[in-house]
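# Summary of structural features
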Amino acid sequence: MKYSYLKKGIINIFNHKFGKCNICGNYTLFLCSNPLTVRNNMICYSCRSSSRERHIASFILKKLFPELKSISKINNAKSETQIYNLGTDDPFTKQLSNNNFFYQSEYMDNILPGTEINTRLYCQNVEKLTFDNNTFDLVISGDVFEHVRKDFKGFNEISRVLKTGGYHIFTVPCYFDKETINRVDTSTEEDISLLPPQYHGDPNRGKILAYRTYGIDIFKNLSNCGFHTEMFRSNFIDHKNGIFDSYVFVSKKT
């Protein structure tokens, strides 16, 4: 029977979609847990990637690996592309963790930034990275920078560790019809709430504070950090890769 039980919290099976995942490379079912927030779900049954993660993947492939159809193929491409992922518990890590040119990081309060916790896995504070200048060809971040206290320091650090012509391909929550909404005043050493606190889910901490929701001024701010940035929205042809209602930022170091 074709009924919608969303108000009762029951998934409507008719929102699921079949397609091919551009991260794991498998033909799969994209599972919809909430049609109102498909950017963050439409989860690949095979690799657990979300719509926005596959949107990031589409531009990684387009900009750096145009001959490949999925992130899973990078390991066999004998590429020496240096990749840095600001995350450890996502489908990119699952596919690339054995690649000698793939690095990842998490920030941990009780570990000195720069410490290598595991092979090519570091504790890093994105506001003050310990990597050398001009190290990476690509930096990936998925809904990270809204949680960075001094985000302009973080964007400048990403610019510093990228090679000229390198890319930061990322997502953040963003309103394109207004300026950035700062939820917390970070001008002093102490956080001062400007709006009721907003927390997002985090696989390592349970929840994490959102300092801001970005607005149209993000392009100017990224330009000041040495980037030329474009934003791309998903469209109908993206649905074959399970990309729905998503947008991705592609920043090139100039």
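Above this note sits the structure.
This structure is a prediction, so every number in the text was calculated from the model and none was measured.

Attention now goes to the pattern of salt bridges. Counted according to the given criterion, the structure contains six salt bridges. One salt bridge connects D143 with R52, and the closest N-O pair in it is separated by 3.4 Å. Pair noted here: D143 is in the loop between β8 (136-142) and α3 (151-161) and R52 is in helix α1 (residues 51-64), with a separation of 91 residues, a long-range link. Note on D143: relative accessible area 14%, which makes it buried. The class of R52 is buried, set by a relative accessible area of 14%. A salt bridge links R212 to D151, with the nearest nitrogen and oxygen atoms 3.7 Å apart. With R212 in strand β15 (residues 212-213) and D151 in helix α3, this pair connects stretches of sequence that are 61 residues apart. Across this residue pair, the class does not change: R212 and D151 are buried.

Let us look at the sheet that holds strand β3 (residues 43-44). The strand order across the open sheet formed by three strands is β1-β2-β3, and the pairing between neighbours is antiparallel. Of all the strands in the sheet, the pair left with one neighbour each is β1 (17-20) and β3. Sheet topology note: the β1/strand β2 (residues 27-31) ladder contains four bridges and is antiparallel. From the neighbouring strand, F18 faces β2, where its bridge partner is L29.

What follows deals with the packing of aromatic side chains. Under the counting rule described, the total for this entry stands at 16 aromatic pairs. With a centroid separation of 5.2 Å and 15° between ring planes, the pair formed by F170 and F249 is classed as stacked. Taken together, the positions of F170 in strand β9 (residues 162-171) and F249 in strand β17 (residues 247-253) put the pair 79 residues apart, joining distant regions of the chain. Overall, the relative accessible area of 0% leaves F170 in the buried class. Three or more aromatic residues joined by ring pairs make a cluster, and in this case those are F145, F155, F170, F176, Y214, F219, Y247 and F249. For the cation-ring pair, R39 lies above Y247, with the distance from its terminal atom to the ring centre recorded as 5.1 Å.

For the rest of this paragraph, the subject is the sheet that holds strand β4 (residues 83-85). The strand order across the open sheet built from eight strands is β6-β7-β5-β4-β8-β9-β17-β16, with neighbouring strands paired in mixed fashion. At either end of the open sheet lies a strand with only one pairing partner, and these are β6 (116-118) and β16 (227-233). Going across the sheet, the axis of each strand differs from the next one's by a mean of 25°, ignoring polarity. With respect to the sheet, α1 is in contact with β8, β9, β16 and β17, its orientation differing from that of β9 by roughly 155°. Relative to the sheet, α3 contacts β8, β9, β16 and β17, its axis offset from that of β9 by approximately 140°.

Moving on: the environment of D132. Residue placement: D132 occurs in the loop between β7 (121-123) and β8. Through-space distance from the C-alpha of D132 to that of L162 is 9.2 Å; in sequence the pair is 30 residues apart. In this structure, D132 is in contact with R160 and V161, ignoring residues within four places of it in sequence.

Take the nonpolar core next. One finds I60, F65, I71, F92, L138 and I169 to be the most contacted residues of the largest nonpolar core, which totals 30 residues. Breaking this core down by element, the ones donating at least two residues are α1, α2 (91-96), β8, β9 and β17. For this core, the leading source of residues is α1, giving six residues. In this structure, F65 is in contact with I60, I74, S79, T81 and I83, ignoring residues within four places of it in sequence. With 26 residues, the next largest nonpolar core counts L129, I158, F170 and L222 among its residues.

It is generally the case that most residues other than glycine have a negative phi and that most peptide bonds are trans. For K78, which is not glycine, the phi torsion reads 55° and is therefore positive. Summarising the element assignment, K78 is placed in the loop between α1 and β4. Positioned with a positive phi, D143 is a non-glycine residue whose angle comes to about 50°.

It is worth spelling out a positive patch on the surface at this point. On the surface, K20, K69, K73 and K240 cluster together into a positively charged patch. Take K73: it is sitting in the loop between α1 and β4.

Each value, and the rule that gives it
- Residues numbered from 1 in each chain as written.
- Predicted model: local features only at pLDDT ≥ 70, side-chain atom pairs only at ≥ 80, totals over all residues.
- Heavy atoms only, no water.
- Salt bridge = Lys/Arg side-chain N within 4 Å of Asp/Glu carboxyl O.
- Helix = DSSP H or I, 4+ residues; strand = E, 2+ residues; numbered from the N terminus.
- Buried < 20%, exposed > 50% of the residue type's maximum accessible area, 1.4 Å probe, protein only.
- Pairing = 2+ DSSP bridges.
- Phe/Tyr/Trp six-rings, centres within 6.5 Å; stacked < 30°, edge-to-face > 60°.
- Lys NZ or Arg CZ within 6 Å of the ring centre and 35° of its normal.
- Axes fitted to C-alpha atoms, helices over the stretch in contact; angles between N-to-C directions.
- Contact = heavy atoms within 4.5 Å.
- Core = buried A, V, L, I, M, F, W, Y, C linked by side-chain atoms within 4.5 Å.
- Patch = residues over 30% accessible without salt bridge, like charges linked within 9 Å, V, L, I, M, F, W, Y side chains within 5 Å.
- Areas by Shrake-Rupley, 256 points an atom, 1.4 Å probe, with all protein chains shown as cover.
- Lys, Arg positive; Asp, Glu negative; His and termini not counted.
- Charge placed at Lys NZ, Arg CZ, Asp CG, Glu CD.

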